[in-house]
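Coordinate analysis (summary)
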Amino acid sequence: MSGDTLEFDQIFQENKGAMYDGRLRITKQGIVFKNNKTGKVDNLAGTDLNLTHWFRVARGYELKVGLKSGAVFKYDGFKESDFDKLSDFINKNYKMRLEEKELSVKGWNWGTAKFKGPLLSFDIDNMSAFEIPLGNVSHCATSKNEVALEFHQNDDADVSLMEMRFYVPPNQDNPDIDPVQAFHDNVMDKADIIQATGDAICIFKELQCLTPRGRYDVRIYPTFLHLHGKTFDYKLPYTTVLRLFLLPHKDQRQMFFVVSLDPPIKQGQTRYHFLILQFSKDEDMTLELSLSEEDCADKFEGKLQKEMSGPVYEIVSRVMKSMVNRKITVPGGFKGNSGTSAVSCSHKAGAGFLYPLERGFIYVHKPPIHLRFDEISCVNFARGVASNRTFDFEIETKSGTTYTFSSIEKEEYGKLFDFTTNKKLRVKNRGKNLKDSVNYDEDMMGSDDEGQHDAYMERVKAEAAEGISDEDESSDDEEEDADFNPDGSGSDIAEEYDSNASISSSDDDEEDEEKKERRKKKLEKAKNKPAKRRKASDGGRKRKKRQKKDPNAPKKAMTAFMIWLNATRSDLRKENPDASIGEIGKIAGEKWREMGPSDKEEWEQKAKEDKERYKAAMEEYEARKAEEGSSGGEESDQSEKKKSKKSRSSRPKPSPTKSPSKAGSGANYKSKEYISSDSDSDSSNSDSDSEEKEKKSKKKGKKAKKKSEDEEEEPIASTPPESEESASGGEEEDEDDD
């Protein structure tokens, strides 16, 4: 803080109930305030100052500055110790006195209303209780003894003032004057109420608008812009315009004209912070203004002529620049790989173009995003998730918000990285201590400097080389992708892994050692990969079988979002015919989040009714299931008994010749000795016996197969054939001995 300049941080400017933080700089030439949120800069010339007042307020102390034109600016957040510095500086440079004023804190609701230029001051005992900027009034209505004021709303304000009513007593001293009407006239004289009086300066027919979407007739009035469409009309005061952009399309056949707005266009719960018009370069027109040559020369200083001809986008941009009195921002020296200023990319579910500008980035078009360098904390270049032919560009703001622009072709990396380096933007994971870095917070104008050593590019090259080597190991038959090398220095793996790739090495031994180390690493990776797979396959837990869904069970209740999605899915498909199923879901989710509580109330009520329906159906289903279970228990027991009987009957019964209980009782029974002695005498019948045995063995095999297919049951105690034979043989021997 030098003797010629005073600077204050964390100063707040009040606007329609919201306090915007920023930085205040007071110089000999005037007062400059920069809004940290919007980046808007207010320049108040020292020769235009009319008054300066000092107040004690809730946040600390406030500086009120009035201009000769009647405009008033209030800056809050000063300390008590700042009064002496400000008073001396203003008295020395502006030849004015910084007056101390007190506010009335009695809390009375009756007093005197005084109109002081653009302000309505409510005074109690000659002390101001509060002031109302008449520019915030959107409507004024009167009744018998009352005047009602309605105010413009600010989305950034936590609490907004909607309406205020004043009781105006009759004037007994002069009954001819109506005090209510006089109050109303004073308010309407300074209120910000747009009234389309008179003819428009010019009209542009059927201009294509991307946001808000549709075709609109654009009518230019002296103080506002009127968009007239088939469904909606919008009136935009020129005071709400922050910036103008003229951006060329990547196909070089179209142009975007972008108007940044604050406050935005409001349509229900939707907010449009940008007005985007699209033009074809081939369209020409001739325009005649409803102004005389003298008016064009006096009001617009020769910037506009009564008759103009040329491309439509040039005429629209010239007229808007003259009416708004702001510069048009165009792309600077950045040229991408295609030779244009645009970089093709995607943000969320929409595809668009990213334009690197001299003082920030702008993304067109869905949703439009403008990021200034002074609000950017760092940027990051990340490898693409879906393919290594693309990469992602991430921008992180100081407020903690991250914007990801994906699917950028890798050929754009070198150009984009050089741009961020030249603008001294901090690249994530590259190091915080950059020499000669630009602090955009301290410098309101900014500057361009040369870049530093590109360590991050070398790291990305190394990652790309690892990815390519892993693909080569997995399959040699697949087609190889090109190396991620935006500088075009070839696909030499040694250079990608070498930290000093730009310096040629003459030592062959070091290169051989590096190659050997890389080979060892590759072999270790190849060994470890199958081992991990085996562990995962051997040591994994068995999956539980999924229970079959009962077809008789009632359908589950649906959420409010799903009910709304089913009702609006066809409309979303019509609006986005090229979107996939996943993209339709993302678009629907964004729209649902933007909907207000009043819009969601209908669907939440339907979801509540569906939930009650499901609860009642589930209770009925459980009761029916319990009844069926109790009645069907006996039937299930009988069926199980039948199954067990069938399984017993299906088992092969032991042959009667081998049964121990029938030994000696049957005529066909033969002892072991008799069988052995008979085997020689019956050799003539051996062939026929062998054929019968084969048939029996086949039948036994079929029965065994059927037995294995049946459900497992408890084994029935029976004597094996071998034990039966041994038992029968033993009895025969005992009889012979006897």
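Residues numbered from 1 in each chain as written. Predicted model: local features only at pLDDT ≥ 70, side-chain atom pairs only at ≥ 80, totals over all residues. Heavy atoms only, no water.

1. Focus: the overall build of the chain
Which entries qualify depends on this criterion: In DSSP terms, a helix is any run of H or I states spanning at least four residues, a strand is any run of E spanning at least two, and both are numbered starting from the N terminus. For every residue, the accessible area (1.4 Å probe, protein chains only) is compared with the maximum for its type, and the residue is labelled buried under 20%, exposed over 50%, or partly exposed between those bounds. It only takes one pair of heavy atoms within 4.5 Å for two residues to be counted as in contact. Accessible areas in this description were obtained via Shrake-Rupley with a 1.4 Å probe; residue shielding takes into account the shown protein chains only.
Looking only at helices and strands, the chain has 14 helices and 31 strands in total. For the chain, the proportion of its 738 residues judged to be buried stands at 34%. At a minimum sequence separation of 6, the contacts of the chain that also span at least 24 residues come to 49%. For the chain, the accessible surface area stands at approximately 47600 Å², while carbon and sulfur atoms represent 47% of it.

2. Here's the deal with the packing of helix 9 (residues 560-575) against helix 10 (residues 581-594)
Put simply, the rule is: Axis lines are fitted through C-alpha atoms, for helices just across the contact stretch, and the angle between N-to-C directions can take any value from 0 to 180 degrees. Crossing chirality is assigned from the near helix's rotation relative to the far helix, an anticlockwise turn below a right angle marking it left-handed and a clockwise turn marking it right-handed. As a working rule, the residues Ala, Val, Leu, Ile, Met, Phe, Trp, Tyr, Cys and Pro are called nonpolar, Asp, Glu, Lys and Arg charged, and the rest polar, with Gly in that last group.
With their axes 10 Å apart at the nearest point, helix 9 and helix 10 run at an angle of 115° to one another. Handedness of the crossing formed by helix 9 with helix 10: right-handed. Seen from helix 9, the contacting residues are Ala-560, Phe-561, Trp-564, Leu-565, Leu-572, Arg-573 and Glu-575; seen from helix 10, they are Ile-581, Ile-584, Ile-587, Ala-588, Gly-589, Lys-591 and Trp-592. Here the contact of helix 9 with helix 10 is built from residues that sort into 10 nonpolar, 1 polar and 3 charged.

3. A look at the pattern of salt bridges
Spelled out, the test is: Take a side-chain nitrogen of Lys or Arg and a carboxyl oxygen of Asp or Glu: if they are within 4 Å of each other, that pair is a salt bridge.
This structure, assessed with the given rule, holds 20 salt bridges. As a salt-bridge pair, Lys-423 and Glu-358 come within 2.7 Å of each other at their nearest N and O atoms. Pair noted here: Lys-423 is in the loop between helix 5 (413-422) and helix 6 (455-474) and Glu-358 is in the loop between strand 26 (350-356) and strand 27 (360-364), with a separation of 65 residues, a long-range link. Lys-423 gets classed as buried once you look at its relative accessible area, which sits at 4%.

4. Topic: the confidence of the model for the chain
What counts here: Predictor confidence is given residue by residue as pLDDT, running from a minimum of 0 to a maximum of 100.
Per-residue confidence for the chain averages 76 on the pLDDT scale, and 69% of its residues sit at or above 70. Of all secondary-structure elements in the chain, the lowest mean pLDDT belongs to helix 7 (residues 493-497), at 35, while strand 27 reaches the highest, 95. A low-confidence stretch, residues 471-508 (pLDDT under 50), is modelled with 49 contacts involving residues beyond four sequence positions or located in other chains. This model gives residues 531-540 a pLDDT under 50, and the stretch forms 2 contacts once residues within four places in sequence are excluded.

5. What to know about unusual backbone geometry
Excluding glycine, a negative phi dihedral is what most residues carry, and trans is how most peptide bonds are arranged. Following Val-364, the chain continues to His-365 via a peptide bond in cis, the omega torsion being 20°. Here His-365 shows up in the loop between strand 27 and strand 28 (369-372). Following Lys-366, the chain continues to Pro-367 via a peptide bond in cis, the omega torsion being -5°. Among the secondary structure elements, Pro-367 is positioned in the loop between strand 27 and strand 28. Even without glycine at this site, Lys-16 takes up a positive phi of about 55°. Examined against the element boundaries, Lys-16 turns out to sit in the loop between strand 1 (5-15) and strand 2 (18-27).

6. Quick notes on the nonpolar core
Defined as follows: To qualify as a nonpolar core, a set must consist of buried Ala, Val, Leu, Ile, Met, Phe, Trp, Tyr and Cys residues joined through side-chain atoms within 4.5 Å.
Phe-204, Ile-220, Phe-257, Val-316, Val-319 and Met-320 are the most contacted members of the largest nonpolar core, which has 39 residues in total. The biggest single contributor to this core is helix 4 (residues 312-324), with 8 residues. With near-sequence residues (within four places) excluded, Phe-204 lies in contact with Tyr-216, Asp-217, Val-218, Ile-220, Met-285, Leu-287, Ile-315, Val-316 and Val-319.

7. Brief notes about the environment of Glu-7
Our working definition: Definition of a polar contact: a pair of N or O atoms within 3.5 Å, with one able to donate and the other able to accept a hydrogen when the atoms are protein atoms, and with sequence-neighbouring residues admitted only if both atoms are side-chain atoms.
In this fold, Glu-7 is placed in strand 1. Between the alpha carbons of Glu-7 and Arg-25 there is a distance of 4.5 Å; along the sequence they are 18 residues apart. Engagement of the side chain of Glu-7 in a polar contact is seen with the side chain of Arg-25, the distance being 3.1 Å.

8. Let's talk about the sheet that holds strand 9 (residues 112-116)
Hydrogen bonding along the main chain pairs the strands of a sheet, whether they run parallel or antiparallel. This is how it is decided: Here, a strand pair is defined by DSSP locating no fewer than two bridges between the strands.
Spatial ordering of the open sheet is given by 9-10-11, a layout of 3 strands whose pairing is antiparallel. For this open sheet the edge positions go to strand 9 and strand 11 (127-133), each flanked by a neighbour on one side alone. The mean angle between the axes of side-by-side strands here comes to 25°, regardless of whether they run parallel or antiparallel. With 5 bridges connecting them, strand 9 and strand 10 (residues 119-124) associate as antiparallel partners. Along strand 10, the bridge assignment pairs Lys-116 with Leu-119.

9. Quick notes on the packing of aromatic side chains
Formally: Think of it this way: a Phe, Tyr or Trp ring, Trp meaning its six-membered ring, pairs with another when their centres are within 6.5 Å, and the plane angle makes it stacked under 30 degrees, edge-to-face over 60, tilted otherwise.
Scanning the entire structure with this criterion turns up 28 aromatic pairs. Considering the side-chain rings of Phe-381 and Phe-393, the 5.1 Å spacing of their centres and the 45° angle between planes classify their relative orientation as tilted. In this pair, Phe-381 sits in strand 29 (residues 376-383) while Phe-393 sits in strand 30 (residues 390-397), placing the two residues 12 residues apart along the sequence. The residues Phe-381 and Phe-393 share a single accessibility class, namely buried. Look at Phe-381 and Tyr-413: their rings are 5.0 Å apart centre to centre, the planes differ by 80°, and that puts the pair in the edge-to-face class.

10. As for a negative patch on the surface
Applicable threshold: Each patch is assembled from residues with relative accessible area greater than 30% and no salt bridge, linking like charges that lie within 9 Å and nonpolar side chains (Val, Leu, Ile, Met, Phe, Trp, Tyr) that lie within 5 Å. Residues scored as charged are limited to Lys and Arg (positive) and Asp and Glu (negative), so that His and the chain ends carry no count. Lysine's charge is taken at NZ, arginine's at CZ, aspartate's at CG and glutamate's at CD.
Together, Glu-288, Glu-293, Glu-294, Asp-298 and Glu-307 make up a region of like negative charge exposed at the surface. Here the negative patch takes 3 residues from helix 3 (residues 293-300), the largest share from any one element. Its place among the elements puts Glu-288 in strand 22 (residues 284-288).

11. Side note on the side chain of Glu-412
Note that Glu-412 resides in the loop between strand 31 (402-409) and helix 5. For the buried Glu-412, no salt bridge is present, and the opposite-charge side chain at shortest range is Lys-250, 4.3 Å distant. Within the structure, the side chain of Glu-412 is placed 2.9 Å from the backbone nitrogen of Asn-337, a separation counted as a polar contact. If sequence neighbours within four positions are ignored, Glu-412 has contacts with Lys-250, Gly-336, Asn-337, Ser-338, Val-343 and Phe-391.

12. With respect to helix 5
Burial analysis of helix 5 places 7 of its 10 residues in the buried class, the great majority of the element. Taken together, the buried positions of helix 5 are occupied by Tyr-413, Gly-414, Leu-416, Phe-417, Phe-419, Thr-420 and Thr-421. After helix 5 finishes, the residue Lys-424 shows a positive phi value of roughly 60°.

13. Some details on helix 10
Put simply, the rule is: Helix span is expected to be 1.5 Å times the residue number reduced by one.
The end-to-end C-alpha distance of helix 10, which contains 14 residues, comes to 20 Å, matching closely the 20 Å that a straight helix rising 1.5 Å per residue would cover. The set of residues buried in helix 10 consists of Ile-584, Ile-587, Ala-588, Gly-589 and Trp-592.

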